[in-house]
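Architecture and fold: a report
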Amino acid sequence: MAFTYFFRDMDTLRAIERHVIPQLKGRRYISVWDAGCAMGPEPYSLAIIFRENMGPFLFRNLKIYASDIDGSRRFGDTIAQGMYPYESVKRIPADLLARYFSPVENRPEHFRIDAELMRAISYQRHDLLSLKFIRSGFGLIVCKNVLLHLKPEQRVDVIDMFHSALASGGFLAFEQTQDLPAENASLFERVTADAQLFQRPDAQGWANRSRKPRVPGLGAGCTK
Ligand SMILES: C[S@@+](CC[C@H](N)C(=O)[O-])C[C@H]1O[C@@H](n2cnc3c(N)ncnc32)[C@H](O)[C@@H]1O
């Protein structure tokens, strides 16, 4: 269930780079939710993509809230240590590996991620099926290779909850094979044909939508 690796699904990362970061990078606060983040390669890959497209000053405005139901209860420690074996980092483009990772002393074939990126990420345990969002006003929510494990009606409710957690104009990204269910379709606009990337319309656009979400999504659903 927790299979993951760095720079999984380059098409979606490129779509985020092309369509999302240019819209978010000027904001004073940029918050991203990586829901179902496993042991960290995905939120760290997002952090690298943002850092590559922002200077160090603007990058300080970015906070990535990574969460997972985490049956092993080990993801928090792994993400906090930011240390990964070669097997896990080998798909990272060589220039990015050299720029953002250092070999760990006394630990052959292990690499530690740069402190600047680690500071951008915080982690908490959270069950998406609680249908409670961890906070609101997100500019981007990434939920990849998670919804496929849920029942169709659970998927619809979780996406309604994501809608409530997004800021107006915020983005939602799934993996390439996860399309937006028809029940949620009126809540979002597709951003590109190259990825499963959707945008919550701004307040004016929203006023014309035909369906409101069923999930109010208030409160904190995290399990620490
Ligand atoms: C296949 S991994 C995907 C990891 C990463 N998103 C990626 O695409 O590489 C699926 C993750 O979803 C998490 N997960 C499954 N059900 C969940 C739920 N109800 N709430 C939160 N996380 C869940 C699992 O613990 C696992 O870490």
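A brief report on the enclosed structure follows.

Rules used in this analysis
Residues numbered from 1 in each chain as written. Predicted model: local features only at pLDDT ≥ 70, side-chain atom pairs only at ≥ 80, totals over all residues. Helix = DSSP H or I, 4+ residues; strand = E, 2+ residues; numbered from the N terminus. Contact = placed C-beta atoms within 7 Å. Pairing = 2+ DSSP bridges. Right-handed = clockwise from strand over helix to strand, strands pointing away. Buried ≥ 20, exposed ≤ 12 C-beta atoms within 10 Å, placed from the backbone. Axes fitted to C-alpha atoms, helices over the stretch in contact; angles between N-to-C directions. Core = buried A, V, L, I, M, F, W, Y, C linked by C-beta atoms within 7 Å. Expected span 1.5 Å × (residues − 1). Bend = angle between axes of the 7 residues up to and from the residue.

1. Brief notes about the overall build of the protein chain
Along the backbone of the protein chain there are nine helices and ten strands. Contacts in the protein chain between residues at least 24 apart in sequence constitute 78% of all its contacts with a sequence separation of at least 6.

2. Quick look at the pairing of strand S8 (residues 166-173)
Across four bridges, the pairing between strand S7 (residues 138-142) and S8 is parallel. Paired with Ile141 across the strands is Leu172, a residue of S8. As a crossover connection, the stretch from S7 through helix H8 (residues 152-165) into S8 is right-handed. Pairing of S8 with strand S10 (residues 197-199) involves three bridges; the strand directions are antiparallel. If you follow Leu172 over to S10, its bridge partner there is Phe198.

3. A short note on the environment of Arg107
Of note, Arg107 is situated in the loop between strand S4 (101-103) and strand S5 (110-113). For Arg107, a count of 11 C-beta atoms within 10 Å puts it in the exposed group.

4. Describing the sheet that holds S5
What the three strands build is an open sheet, ordered S3-S5-S4; its pairing is antiparallel. Taken across any chain shown, the strands that pair with only one partner, and hence form the sheet edges, are strand S3 (83-85) and S4. With strand direction ignored, the average angle separating the axes of adjacent strands in the sheet is 35 degrees. Where S4 and S5 come together, three bridges link them in antiparallel fashion.

5. Quick notes on the nonpolar core
In terms of nonpolar packing, the biggest core is built from 61 residues, with Val32, Ala47, Ile64, Leu140, Ile141, Phe162 and Ala173 touching the most fellow members. With six residues, the single largest contributor to this core is H8. Among all residues touching Ala47, those that are not within four sequence positions of it are Ile64, Leu117, Ala120 and Ile121.

6. With respect to the sheet that holds S8
An order of S6-S2-S1-S7-S8-S10-S9 is seen for the seven strands of this open sheet, with the pairing classed as mixed. Bordering the open sheet on either side are strand S6 (121-125) and strand S9 (189-190), each of which pairs with just one other strand. Sheet topology places strand S1 (residues 30-35) next to strand S2 (residues 62-68); six bridges connect them, and they run parallel. Bridged to Val32 within S2 is Ile64. Sitting on the sheet, H8 touches S1, S7 and S8, and the angle it makes with S8 is about 140 degrees.

7. Focus on H8
Taking 1.5 Å per residue as the helical rise, H8 with its 14 residues ought to reach 20 Å, and the 20 Å between its terminal C-alpha atoms agrees with that figure. Taking burial as the measure, the 14 residues of H8 include ten buried ones, the bulk of the element. Of all the positions in H8, only Arg155, Val156, Asp157, Val158, Ile159, Asp160, Met161, Phe162, His163 and Ala165 are classed as buried. Each element contacted by the buried residues of H8 is listed here: S1, S7 and S8.

8. Concerning helix H1 (residues 10-24)
For H1, with 15 residues, the first-to-last C-alpha span of 20 Å sits near the 21 Å given by 1.5 Å per residue. Residue Glu17 marks the point of greatest curvature in H1, where the axis turns by about 35 degrees. Residues of H1 that are buried in the fold lie against S1, helix H2 (41-52), S7, S8 and S10.

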